[in-house]
Amino acid sequence: MLPTTESSNGGARPAKLHDDDHTVDVPETAHQISRDSWFQVGFVLTTGINSAYVLGYSGTIMVPLGWIGGVVGLLLATAISLYANTLVAKLHELGGKRHIRYRDLAGHIYGRKAYVLTWALQYVNLFMINTGFIILAGSAVKAVYVLFRDDNMMKLPHFIAIAGFVCAVFAVGVPHLSALRIWLAFSTFFSFVYIVIAFALSFKDGLQTPARDYSIPGSGSGKVFQTIGAAANLVFAFNTGMLPEIQATVRQPVVGNMLKALYFQFTAGVLPMYAVTFVGYWAYGSSTSSYLLSSVNGLLWVKAFANISALLQTVIALHVNLLLSSFFC
């Protein structure tokens, strides 16, 4: 039997969701609940960890930590994040109610203060991530411009403004998360393009260049701050700060399907990130750029295609975050 919902008192009270096993209350929301397959949600999660940010992990994680620290750190971050996310996913239906927002779950378990604190922290987290996405998109536009016309006529703020306009236009055309189905396929394609190009060009450069220096740059306090920054990037790489909001869109059984999506994210979904991060560091060592496509050598049109793909994928990833953030309201 498929799950069904019914409202109470003309929508004044939470809807109830029925399946074969039990009935749970669903908080009021303007968004579609229990519409998406676990596979689609898995792609949403995979889009997040394979956004264009992965082009920076060789320089921002591997360079400060080195081979041992970087590899062990990434593996530990993966395992810990999977464990934490599965725990949160299993709490989605608690006390006869679906907790479709992080703040609802925190408030149900810890009380009103945790509710308010979680809401505030989510907004801060979302603001920083989305600001980074827009800057990253602007950087990709600038990288394309520099490939063809390095005249310094336009500065990074101009490209950030262009990227912001593109993001706004896309947001108008895709009003809710379930409408992203076809765009998730495009996002996967764009991710595939820039990851494959970055991987291939880095691998080629690594075979052709002499021995690299893998020593950790800096000295004294500089290394300490670099290590702290790298640890922050490890946490950020698997940041799913809106897991209940994402889980709200999953079809019943909501816990089982969300676990499938998480297992997909942390197995097949992390392989591209690992590949481009490790090969990028192997190819350029401690001189690896914080934006890997700035380090690679190759045909002009290939590098332009990779940067344009990074831009377009960033636009989609940003919009996914914005749509999920509307669950906060």
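Residues numbered from 1 in each chain as written. Predicted model: local features only at pLDDT ≥ 70, side-chain atom pairs only at ≥ 80, totals over all residues. Heavy atoms only, no water.

**Overview of the packing of helix 1 (residues 38–49) against helix 9 (residues 254–265)**
Here is step 1 of the chain: For the pair helix 1 and helix 9, interaxial distance at closest approach is 8 Å and the crossing angle is 40°. Every pair of crossing elements has a handedness; the one defined by helix 1 and helix 9 is right-handed. Side by side, helix 1 and helix 9 meet where Trp 38, Phe 39, Val 41, Gly 42, Phe 43, Leu 45, Thr 46 and Ile 49 of the first sit next to Asn 257, Met 258, Lys 260, Ala 261, Leu 262, Phe 264 and Gln 265 of the second.
Here is step 2 of the chain: Residue composition of the contact of helix 1 with helix 9, grouped by class: 10 nonpolar, four polar and one charged. (Axes fitted to C-alpha atoms, helices over the stretch in contact; angles between N-to-C directions. Helix = DSSP H or I, 4+ residues; strand = E, 2+ residues; numbered from the N terminus. Left-handed = near helix turned anticlockwise from the far one by under 90°. Contact = heavy atoms within 4.5 Å. Nonpolar A, V, L, I, M, F, W, Y, C, P; charged D, E, K, R; others polar.)

**Re the UniProt feature "transmembrane region" (unreviewed entry) in the protein chain**
Here is step 1 of the chain: When the UniProt feature table is mapped onto this chain numbering, "transmembrane region" (unreviewed entry) sits at residues 37–56, 63–84, 123–147, 159–177, 183–203, 261–284 and 304–324.
Here is step 2 of the chain: Annotation note: span residues 63–84, helix share 100%, strand share 0%, distance between end C-alpha atoms 27 Å.
Here is step 3 of the chain: Secondary structure over residues 261–284 splits into 79% helix and 0% strand, and the C-alpha atoms at its two ends are 34 Å apart. (UniProt positions renumbered as here; feature names shortened; annotations may be inferred.)

**Remarks on the nonpolar core**
Here is step 1 of the chain: Residues Leu 55, Phe 238 and Met 258 are the most contacted members of the largest nonpolar core, which totals 68 residues.
Here is step 2 of the chain: Ranked by residues supplied to this core, first place goes to helix 2 (residues 57–90) with nine residues.
Here is step 3 of the chain: Apart from the residues within four sequence positions on either side, Met 258 is in contact with Val 41, Leu 45, Ala 89, Leu 243, Ile 246, Gln 247 and Val 250. (Core = buried A, V, L, I, M, F, W, Y, C linked by side-chain atoms within 4.5 Å. Buried < 20%, exposed > 50% of the residue type's maximum accessible area, 1.4 Å probe, protein only.)

**A look at helix 3 (residues 102–110)**
Here is step 1 of the chain: Of all the positions in helix 3, only Arg 103, Asp 104, Leu 105, Ala 106 and Gly 107 are classed as buried.
Here is step 2 of the chain: After helix 3 finishes, the residue Gly 111 shows a positive phi value of roughly 105°.

**Observations concerning the packing of aromatic side chains**
Here is step 1 of the chain: As enumerated under the stated definition, the model contains 19 aromatic pairs in all.
Here is step 2 of the chain: Ring centres of Phe 39 and Phe 264 lie 5.5 Å apart, and the angle between their planes is 65°; this geometry places the pair in the edge-to-face category. Here Phe 39, found in helix 1, pairs with Phe 264, found in helix 9; they are 225 residues apart in sequence, far enough to count as distant.
Here is step 3 of the chain: Phe 39 sits in the partly exposed class, given a relative accessible area of 40%.
Here is step 4 of the chain: Consider the rings of Trp 67 and Tyr 214, whose centres lie 5.9 Å apart with planes at 55°: the pair is tilted. Placement of the pair is Trp 67 in helix 2 and Tyr 214 in the loop between helix 6 (181–208) and helix 7 (221–237), with a sequence separation of 147 residues.
Here is step 5 of the chain: On the basis of relative accessibility, which here comes to 25%, the residue Tyr 214 falls in the partly exposed class. (Phe/Tyr/Trp six-rings, centres within 6.5 Å; stacked < 30°, edge-to-face > 60°.)

**Description of the packing of helix 2 against helix 7**
Here is step 1 of the chain: Where helix 2 meets helix 7, the axes come as close as 9 Å, and the angle between the chain directions of the two elements is 60°. Judged by the inter-axis angle, helix 2 sits oblique to helix 7. The handedness of the crossing between helix 2 and helix 7 comes out as right-handed. For the pair formed by helix 2 and helix 7, the contact residues are Tyr 57, Thr 60, Ile 61, Pro 64, Leu 65, Gly 73, Leu 74 and Ala 77 on the first element and Gln 226, Thr 227, Ala 230, Asn 233, Leu 234, Phe 236 and Ala 237 on the second.
Here is step 2 of the chain: Residue classes in the contact of helix 2 with helix 7 are distributed as 10 nonpolar, five polar and no charged. (Parallel < 35°, antiparallel > 145°, perpendicular 65-115°, else oblique.)

**Thoughts on the environment of Val 320**
Here is step 1 of the chain: Take Val 320: it is sitting in helix 11 (residues 300–325).
Here is step 2 of the chain: Take Val 320: its relative accessible area is 6%, and that puts it in the buried class.
Here is step 3 of the chain: Sequence separation between Val 320 and Ile 246 is 74 residues; the distance between their C-alpha atoms is 9.8 Å.

**Brief notes about the environment of Asp 213**
Here is step 1 of the chain: Note on placement: Asp 213 falls in the loop between helix 6 and helix 7.
Here is step 2 of the chain: Looking at Asp 213, the relative accessible area reads 45%, which means it is partly exposed.
Here is step 3 of the chain: Along the chain, Asp 213 and Ser 287 lie 74 residues apart, while their C-alpha atoms are 7.9 Å from each other.
Here is step 4 of the chain: Apart from the residues lying within four places of it in its own chain, the contact partners of Asp 213 are Gly 285 and Ser 286.
Here is step 5 of the chain: Side chain to side chain, Asp 213 and Ser 215 meet in a polar contact 2.8 Å long. (Polar contact = N/O pair within 3.5 Å; in protein donor to acceptor, adjacent residues only side chain to side chain.)

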